[in-house]
Every structure is written in C-alpha cells, then in structure tokens.
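Each chain, written out:
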Amino acid sequence: MRGRSGGRPTLEEVAARAGVGRGTVSRVINGSPRVSDATRAAVEAAVAELGYVPNTAARALAANRTDAIALVVPEPETRFFAEPYFSDMLRGVGAALSDTEMQLLLIFAGSDRERQRLAQYLAAHRVDGVLLVSVHADDPLPDLLSQLEIPAVISGRRSADETLPSVDSDNYGGGRFAVEHLLSQGRRTIAHLAGRLDVFGAQRRVDGYRAALRDAGHEVDERLIVPGDFTEEGGRRGMAELLARCPNLDAVFAGSDVMAAGARQVLREAGRRIPEDVALVGYDDSAIARHMDPPLTSVRQPIEEMGRAMLDLLMDEIADRRPAVSRGLERRQVVLPTELVARASS
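Residues numbered from 1 in each chain as written. Predicted model: local features only at pLDDT ≥ 70, side-chain atom pairs only at ≥ 80, totals over all residues. Heavy atoms only, no water.

Q: Explain the pattern of salt bridges here, please?
A: Any two side chains of opposite charge can pair, given that their charged atoms come close. For the coordinates displayed, the defined rule picks out 26 salt bridges. Note that Arg 91 is salt-bridged to Asp 88, the shortest N-O span being 2.7 Å. Residue Arg 91 and its partner Asp 88 are located together in helix H6 (residues 84-97), separated by three residues, close to a single helical turn. On the basis of relative accessibility, which here comes to 43%, the residue Arg 91 falls in the partly exposed class. A salt bridge links Asp 198 to Arg 196; the nearest nitrogen and oxygen atoms lie 2.9 Å apart. By relative accessible area, which is 23% here, Asp 198 ends up partly exposed. Linked by salt bridges that have partners in common, Asp 229, Glu 232, Glu 233, Arg 236 and Arg 237 make up one network. (Salt bridge = Lys/Arg side-chain N within 4 Å of Asp/Glu carboxyl O. Helix = DSSP H or I, 4+ residues; strand = E, 2+ residues; numbered from the N terminus. Buried < 20%, exposed > 50% of the residue type's maximum accessible area, 1.4 Å probe, protein only.)

Here it is, written out as structure tokens:
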C-alpha cells in the first residue's frame, strides 16, 4: 500500500492510523515493553494495513542510532568464563534481545588498558546503550556513561543512593533466608564467607546475615565474617581462615556457589563432614550447586530474569532517545525476589 504521499508509508502515517503518537510507534517497532497490549495491537494493525516496513539503516542514521548495545563486564575474562552468574546473565539478555533488531556486543574491561579502550569506544557513540554487570563501588564507568549521556542500566546497585537505572535481587532477604534456614536446622555457630565488600550486593547479604542472627537472639561474632572475592580460590582461603579463627563452627553461608565449592574442599581436607559436622549454604543456585556432592543448599537469585529486566529498562531508555538524567526522571530501581533452595548440604 502506498502512503498519502504516494511513496512508502511513513512512521507518521502509521501513528495517525493507530491514533497514537510517533514515539509510541517507535517504541512498538523497537520492542519496548513500556507499551500496553491494546496500544501495541493497534500499532501492529496499522503497520499491517499500511504495509509499513521499517528502514533500519535510514532510521538509525536519522536518529543517530547504531542499533547495537554493549554488555560491559569490568572483570577479567577468566572470571567471566569461570562463574555461572555471567553466563546466566548473558543468556537472559540474549533471550530478551532476540525479539528486537539490536545487536549485542560483549566487552571486557578488567584492566586499565581495556578501560581506556572502552572509554574511547563509548565516546565515539558506537552503541546506543550499555548494560553494566558486576560493578564495584569505586568503578568510574557509570559516571563516564552519565557524562556521555549514553543510556545505561547496571546489574546491582553501587549503593543505596544509586544514580543509574538498575536491576538487582533482594540480597538482604537472601542473606536472611540462608541464616534462618541454618538456625532452623539447629546450627548455632554460623560463619559467613562474604563476597567483595566493595560490591553493594555483598554488603546487603552481610546485613541480612547479621539481622537474622540478632532477630533470633544471637550475638554477631565479627570474627565469623570473612570477606572474599566470589572465586573458588577465595572460598578456599576464607574457609581456611575461618577454621583457624573458630574451629568449632557448625555452619557456613558462602556468598556464592563458587566460593562454597572452595570452602567444601577445605572442609573435607580438614576432616569435616558435610552436613553432619558443618552445614554449607551457597548463593546463586547455579548448576554448581546442583552438581556438588552433596548437592548444595543455595539462595536462588533469578539471574536470567535480571538480564531480561535490564534489557527491558535499557530499551525504554533508548526508545526515548535520552537517558533518564537528561529527562529529569526518577531512576528506575528494580529489585527481584530471592528464595532458598534446600538440598542435602544443610
């Protein structure tokens, strides 16, 4: 069908036929979730009636768009491939992106040189938006993205006063669930192998650990909290330190399943049976938890769902063409629930 001008139907003609604004049509075409089902149906019907075909290249050029987003991981590549958290996050983002015309770039920024290259790449506006995964409190990348006015969403807040749109899980609740479960099993000397404490999510798990103990009438022994780095080696080091500090501990809550795997190795080398002598709980509910011997009790955070939610938020930012800071809108902070999955290790 020809448009009113006799040429190809335009975005404006689709908007007029659907009875909506041009921006709404753009959101529907770009796959933004921030459109009601009724409006989406009206736009799709108008597109079909008019025979409108989006000109991807022209649209991207006119809108100064690249139709590409970057998933930026400010960690070494070795950690990305060693920890299931990252692959699950990537799977969630990829699934959400499959319904759009956007391309995904995976960028590592674990070293100073990689960060310098990334800064130059972003300054050239070669992507329409950025998903930031595994952000530490002092990481300069979020501030750089704000300065460049590149739409961005981060996985996990940097603090309670996060300034970027973010998607997180209920780390405080997850920490509570782990300790409450161990207390219900009769454990009394419960240690915590924490993650990196410059990560807000790790701090919140520690807060949940402390709160659950206090609410149950137990004093918090700070000697039983050892920070780690979410790695298996960090779990081994931390577990050895905990055994040296408190040989009579009877339970360990690890900040990740990977750390729990390292802790299990040290416990076995020390002759401690799991769960008879020491109960063990991890975090993430990854494949590692299901395949450990004994299978690992773990706090499940919906990592793939977090990836999808991050992509949804970012597509909203991109569809509106300006990051939230420019629009003066309140930041969108999404927190998804966690749950405890009990298995034989506790």
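Q: Would you take a moment to explain the sheet that holds strand E2 (residues 103-108) for this structure?
A: What links the strands of a sheet is backbone hydrogen bonding, and the strands pair in either a parallel or an antiparallel sense. Strand order in the open sheet formed by six strands is E2-E1-E3-E4-E5-E11, and the pairing between neighbours is parallel. Looking at the sheet topology across the chains shown, the edges are occupied by E2 and strand E11 (333-336). Mean inter-strand twist for the sheet, computed between neighbouring axes without regard to direction, equals 20°. One ladder, built from two bridges, connects strand E4 (residues 152-155) with strand E5 (residues 166-169); its direction is parallel. Among the inter-strand pairings, Ser 155 is bridged to a residue of E5, identified as Val 167. Together, strand E1 (68-73), strand E3 (129-133), E4, E5 and E11 form the strand contacts of helix H14 (residues 303-319), whose direction differs from that of E3 by roughly 150°. (Pairing = 2+ DSSP bridges. Axes fitted to C-alpha atoms, helices over the stretch in contact; angles between N-to-C directions. Contact = heavy atoms within 4.5 Å.)

Q: Honestly, the sheet that holds strand E12 (residues 339-341) in this entry has me stumped. Any pointers?
A: As summarised here, the arrangement of the six strands in space is E7-E6-E8-E9-E10-E12, forming an open sheet in which the pairing is mixed. On the outer flanks of this sheet lie strand E7 (225-227) and E12, each paired with one strand and no other. For this sheet the average axis-to-axis angle between neighbouring strands, irrespective of direction, equals 20°. Strand direction decides the pairing type here: strand E10 (residues 297-300) and E12, joined by three bridges, are antiparallel. Its bridge partner lying in E12, Val 299 is registered against Leu 340.

Q: Sorry, what's going on with the packing of helix H7 (residues 112-123) against helix H8 (residues 141-148) here?
A: To characterise two packed helices, one gives the angle between the axes of the helices and the distance between these axes. Relative orientation of the contacting elements H7 and H8 amounts to 20°, with a least axis distance of 10 Å. It follows from the interaxial angle that H7 and H8 lie roughly parallel. The hand of the H7/H8 crossing is right-handed. Contacts between H7 and H8 involve Arg 115, Leu 118, Ala 119, Leu 122 and Ala 123 from the former and Leu 141, Leu 144, Leu 145 and Leu 148 from the latter. (Parallel < 35°, antiparallel > 145°, perpendicular 65-115°, else oblique. Left-handed = near helix turned anticlockwise from the far one by under 90°.)

Q: How should I be thinking about helix H10 (residues 200-215) in this particular structure?
A: The periodicity of an α-helix, 3.6 residues per turn, causes residues three or four places apart in sequence to face the same way. For H10, with 16 residues, the first-to-last C-alpha span of 22 Å sits near the 22 Å given by 1.5 Å per residue. Check the buried side of H10 and you find it contacts helix H9 (171-184), strand E6 (190-194), E7, strand E8 (251-254) and strand E9 (279-284). In the segment just after H10, Gly 217 is the residue with positive phi, at about 85°. (Expected span 1.5 Å × (residues − 1).)

Q: Looking at this model, I keep getting lost on the side chain of Ser 134. Mind explaining?
A: Along the chain, the position of Ser 134 falls in the loop between E3 and H8. A polar side-chain atom of Ser 134 sits 2.7 Å from a polar atom in the side chain of Glu 75. Setting aside chain neighbours within four positions, we find Ser 134 in contact with Pro 74, Glu 75, Arg 79, Phe 86 and Ser 155. (Polar contact = N/O pair within 3.5 Å; in protein donor to acceptor, adjacent residues only side chain to side chain.)

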